[in-house]
Amino acid sequence: MHYELSAEFASGQDSADPLRSCRERFHFPDLGTEHLVYLTGHSLGLQPRSVRAAVELELDEWARYGVEGHFHATHPWYSYHELLTPPMAALVGARESEVVCMNSLTTNLHLLFVSFYRPTQQRYKIISEARMFPSDRYLLETQAQFHGFAPDDAIIEIAPRDGERVIRHEDILAAVEEHADELALVFFGGVNYFTGQVFDMPALTEAAHAVGAVAGFDLAHAAGNIPLSLHDWDVDFAAWCSYKYLNASPGNVGGIFVHERHGRNFELPRFGGWWGHDKSTRFQMRNGFQPMEGAEGWQLSNVPILGMAAMKASLDVFAEVGMPALRAKSEQLTGYLEFAIDRLAEEFPDARISMITPRDPAQRGCQLSMDVAGRERSLFDSMIGAGVIADFREPCIIRMAPVPLYNSFTDVFVFTEVMRDLLAQRDAT
Ligand SMILES: *Cc1c(COP(=O)(O)O)cnc(C)c1O
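Definitions and limits used
- Residues numbered from 1 in each chain as written.
- Predicted model: local features only at pLDDT ≥ 70, side-chain atom pairs only at ≥ 80, totals over all residues.
- Heavy atoms only, no water.
- Near = heavy atom within 4 Å.
- Polar contact = N/O pair within 3.5 Å; in protein donor to acceptor, adjacent residues only side chain to side chain.
- Areas by Shrake-Rupley, 256 points an atom, 1.4 Å probe, with all protein chains shown as cover.
- Nonpolar A, V, L, I, M, F, W, Y, C, P; charged D, E, K, R; others polar.
- 1 Å grid on protein atoms, 1.4 Å probe; cavity = no way out; pocket = protein on both sides within 12 Å on 5 of 7 lines; lining within 4 Å.
- Points joined across faces, edges and corners; volume = space filled by probe spheres on them.
- Disulfide = S-S within 2.5 Å.
- Core = buried A, V, L, I, M, F, W, Y, C linked by side-chain atoms within 4.5 Å.
- Buried < 20%, exposed > 50% of the residue type's maximum accessible area, 1.4 Å probe, protein only.
- Helix = DSSP H or I, 4+ residues; strand = E, 2+ residues; numbered from the N terminus.
- Domains from an automatic or database assignment.
- Pairing = 2+ DSSP bridges.

**Thoughts on the site of the ligand**
Part 1 of the reasoning: The immediate surroundings of the ligand are formed by Leu105, Thr106, Phe133, Asp136, Asp218, Ala220, His221, Tyr243 and Lys244.
Part 2 of the reasoning: A distance of 2.7 Å separates a nitrogen atom of the ligand from a polar atom in the side chain of Asp136.
Part 3 of the reasoning: Computed on the free molecule, the ligand has an accessible area of 390 Å², of which 82% lies beneath the protein chains in the complex.
Part 4 of the reasoning: Looking at the shell around the ligand, its residues break down into four nonpolar, two polar and three charged.

**Some remarks on empty space enclosed by the protein**
Part 1 of the reasoning: Applying the stated criterion across every chain yields a total of two cavities of 30 Å³ or more.
Part 2 of the reasoning: In this structure, the largest cavity encloses a volume near 40 Å³.
Part 3 of the reasoning: Taken together, Gly224, Tyr245, Phe318, Leu326, Val403, Pro404 and Leu405 make up the full set of residues lining the largest cavity.
Part 4 of the reasoning: Quantified by volume, the second largest cavity comes out at close to 30 Å³.
Part 5 of the reasoning: Lining the second largest cavity, in full, are Gly224, Asn225, Met323, Leu326, Arg327, Ser330, Cys366 and Pro404.
Part 6 of the reasoning: Looking at the lining of the second largest cavity residue by residue, the class counts come to four nonpolar, three polar and one charged.

**Points about the state of the cysteines**
Part 1 of the reasoning: For the structure shown, the criterion picks out zero disulfides.
Part 2 of the reasoning: Between Cys101, a free cysteine, and Cys241, which holds the nearest cysteine sulfur, the sulfur-to-sulfur gap is 12 Å.

**Brief notes about the nonpolar core**
The nonpolar side chains of soluble globular proteins are, as a tendency, buried together.
Part 1 of the reasoning: In terms of nonpolar packing, the biggest core is built from 75 residues, with Trp240 and Leu405 touching the most fellow members.
Part 2 of the reasoning: Counting residues per element, this core draws most heavily on helix H12 (residues 305-321), which supplies 10 residues.
Part 3 of the reasoning: No fewer than three residues from each of domain 1 (7-48 + 323-428) and domain 2 (80-320) sit in this core.
Part 4 of the reasoning: If you look at the next biggest cluster of nonpolar residues, it comprises 36 residues, including Tyr3, Ile353, Met383 and Phe413.

**With respect to the pairing of strand S7 (residues 237-240)**
Part 1 of the reasoning: Because side chains alternate across S7, one face comprises the buried residues Phe237 and Ala239, and the other comprises Ala238 and Trp240, equally buried.
Part 2 of the reasoning: As paired strands, strand S6 (residues 214-218) and S7 are joined by three bridges and run parallel to one another. The partner of Gly216 across the bridge, within S7, is Phe237.

**Quick look at the environment of Gly254**
Part 1 of the reasoning: Along the polypeptide, Gly254 turns up in strand S8 (residues 254-258).
Part 2 of the reasoning: Of the residues examined, Gly254 reaches a relative accessible area of 0% and is grouped as buried.
Part 3 of the reasoning: As a C-alpha pair, Gly254 and Gln299 span 45 residues in sequence and 12 Å in three-dimensional space.

Next up, the structure:
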């Protein structure tokens, strides 16, 4: 695509954008700055305007019905989670029986590891990415320890080669081959939280299965960002959160995927709770846990309705717009931000701006991470002061995500103008 850095070009792209009206469906923060460019949907998605009414409805019905709301509310609470399954399953490319919304992400991964990390003395190793999100790393360490293995022995981290920023798939596949006989699990992020690199989930799954291991993914940065086909890729299990690209409110309930061939396997060890028990006998309150078929059989508890209401309102937007349209815009918009960053890098060579995220659109979602080695953290603080909301990771990495649902080409243009000012100020001093 051809790009130009001008206000006219950006507003022309915005007028031609079939998703341009989606922006109005979200609240943008007001931090009292002249501009407000929100580029942090990878960390916390913005609030859909429809959320407030959806939550208020549940508050009203709780006030009005009390316990009777379980069956008499507009959306009865007893089965509320079932309303979220179709849009969530569509987002991750799963059958409805393979997905359920419950708990939070790290909790869900531990629960899934109960079923899918079943190490033996011979086969106990986990291959994963170096520099994982800390919670995932702690998950792996404590799971290994729980089963009596030393984390440094059990966890094989694949890192970028010296002088490179992202991990080569051939290196992951070679490690799977090398450890074929001792490998229990291949566990990666779908999109690396730091670099924005997308991992080849179908290839990693196939490689894991070929050596008799299981493949699982943390999709925190993938759900609602890139197209996913978990069922067809034959992924064993996955989990994700709903407050990043899915805009469901801070800390809201996450989602899990369990492939249907495991969902029907009642022999799999798992931790039980009443909400995962066979619906038809749940209220007989008898001893003897009988899991439901499918992902629902991993539920423990009845669901937090206020959070679920916010999530439903948000997923309704995704269901209306659809991932194909989002992805089409995402590639163009992220390409525009990449173009802008490259121009800034040329204009301010002393800032030593370089892109960490892969250049190939197929290997990234909407997040771009840039290294600004020639500048201190104060550059980032000035960005926030000027109303460009991105995020900062040590030592000098700025992560930005132009989210196709609510960001515009004009946002990218304003970002560039603000950055140019900030970078030039430093040049003047
Ligand atoms: C955001 C994120 C988490 C957060 O986990 P919570 O349990 O929701 O706090 C975990 N893993 C990854 C990869 C993330 O990006």
